[in-house]
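Close look at the chain arrangement
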Amino acid sequence: MKTAQVYQDKIIVKEVEDITLGERKGAIVKVLGCGLCGSDIVKFKHKIVHDGAVLGHEIVAEILEINSDTNFKKGDKIVTSHHVPCGECNYCKHGNVSMCKHFKETNIFPGGFSEKVFVSEEHLKNVAYTVPSNISDEEISFYEPLGCCIRAIKRCNLMKDDTALIVGLGSIGLLMGEGLKALGYRVYGCDLIDERVKLANKMGIQSFDFNLEVDAVFMTSGADKAIETALKAVRPGGKILVFSSTPLNNGYPNNEIYYKELTILGSYSPSPADLKDSYELIKSGKVNVKNLTTVYPLEQIQQAFDDTISNKIFKAYIRI
Ligand SMILES: [Zn+2]
Ligand SMILES: [Zn+2]
C-alpha cells in the first residue's frame, strides 16, 4: 500500500507492506480521502515528527475487513477521529478529555495519508460514524476539525445572542464561524488578508468595527500580533479562547486579565460528545462546509502542504 511519509522537509509517497487485521479487533479501512489539518502543517514545518511518520487524521474511509462488536460492517463508508479518552482518569472526570494520557496514546495506524489504515475497536465504538448518503466525502472530512470548534465554543459557555469575534479567517476560522452561527451566536471576523474577509462576509461572518466590543474572542490565528487584536476587542469580563499556538509563545498581560477581569481559555481537541455534535451539524446541513476544500491526489501531497503553507488555498483534501 502507498503512504505519504515525512522525510526532513519533504513528504514522500512510498510503497510499504500492506496492513491486515489478523487476530485484532477493529477494522482495516481503505482511505478514500483525508483532510490536511493545521496541526499536520505545524508538525511538518517545525519538524516535530520523526522521519517516516505518516501524518493525517481527518479520514473518510470504507471498511475492507472488520472484527467488531459494533454494527459497522464490511463496505460501510465511515468517518472517524483519531483519539479516544479513557473516561476514568482525573482529566476525563473534569471534562479535560484531550489531556488524558490514553487520549494522547490512541491513534489510527499508520496515519491518514495512507491507502489503508487500522481503526481500533475503541475508535469504532466511540468516535466513528457512517457517512450520511446526502453528504460528500469532502464535507464529512470536516467532522473532526468542526468537533474541535464545537468544543472551543462550548468551553466559552456563552449566552444566547452573545457576540463573538474570530481573529484569523483561514479554514478553521470559517469553520468556527459556522459552528458559532449554528449554535445561535452573532459572529464577527477579522483577518489581514482581504480575500479571506470577503469570503467570510459571504458566509455570514460580519466585518468587525473596533469601536465595539464582543463577549468572546476566538483566536484561530497563530500570529503573535493577534493577541493585541483580541485584547482590543474583548469586553471587560469577556473571554478569549486560545485555539492556536504562536511563534514567540508570548502570553496575555497580567494586568489586563486582572483589571478587565478576563477569562483566557485554551481548547485543544474534541471529546466524543463534541464529535457527535459535529456529526449531527454536518448531517443536518446546519453548518455549511461546501466549497472550502481544494482536492489533491496523494501523489501531489507535497503541493498540498506547500499551497497551504503559502496561504494559496483554504483547506486541502487529499484524495487517496
Ligand atoms: Zn485536525
Ligand atoms: Zn482519561
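Quick caveat, the model's predicted, so the values are computed rather than measured. (Residues numbered from 1 in each chain as written. Chains lettered and ligands numbered in written order. Predicted model: local features only at pLDDT ≥ 70, side-chain atom pairs only at ≥ 80, totals over all residues.)

Once that is clear, we can look at the nonpolar core. Formed by 96 residues in total, the largest nonpolar core has its most connected members in Val217, Phe218 and Ile318. In terms of residue count, helix α6 (residues 143-156) provides more of this core than any other element does, 8 residues in total. Non-local contacts of Val217, meaning those with residues more than four positions away in its chain, are made with Leu165, Val167, Ala230, Ala233, Val234, Ile240 and Leu241. (Core = buried A, V, L, I, M, F, W, Y, C linked by C-beta atoms within 7 Å. Buried ≥ 20, exposed ≤ 12 C-beta atoms within 10 Å, placed from the backbone. Helix = DSSP H or I, 4+ residues; strand = E, 2+ residues; numbered from the N terminus. Contact = placed C-beta atoms within 7 Å.)

Looking now at the pairing of strand β6 (residues 116-120). A large share of β6 lies buried, amounting to 5 of its 5 residues. Residues of β6 alternate between two faces, with Lys116, Phe118 and Ser120 on one and Val117 and Val119 on the opposite face, all of them buried. Sheet analysis places strand β3 (residues 26-35) next to β6, joined by 5 bridges and oriented antiparallel. Each bridged residue has a counterpart across the sheet, and for Gly26 the counterpart in β6 is Ser120. (Pairing = 2+ DSSP bridges.)

Before going further, it helps to examine the domain arrangement of the chain. Examined at the domain level, the chain breaks down into domain 1 (2-142 + 289-319) and domain 2 (148-266). Summarising the inter-unit geometry, the C-alpha centres of domain 1 and domain 2 are found 27 Å apart. (Domains from an automatic or database assignment.)

On to the packing of helix α1 (residues 38-45) against helix α12 (residues 301-309). Interaxial distance between α1 and α12 falls to 11 Å at its minimum, and their mutual angle equals 95°. It follows from the interaxial angle that α1 and α12 lie roughly perpendicular. Here α1 contributes Ile41, Phe44 and Lys45 to the contact with α12, which in turn contributes Phe305, Thr308 and Ile309. Residues that form the contact of α1 with α12 fall into these classes: 4 nonpolar, 1 polar and 1 charged. (Axes fitted to C-alpha atoms, helices over the stretch in contact; angles between N-to-C directions. Parallel < 35°, antiparallel > 145°, perpendicular 65-115°, else oblique. Nonpolar A, V, L, I, M, F, W, Y, C, P; charged D, E, K, R; others polar.)

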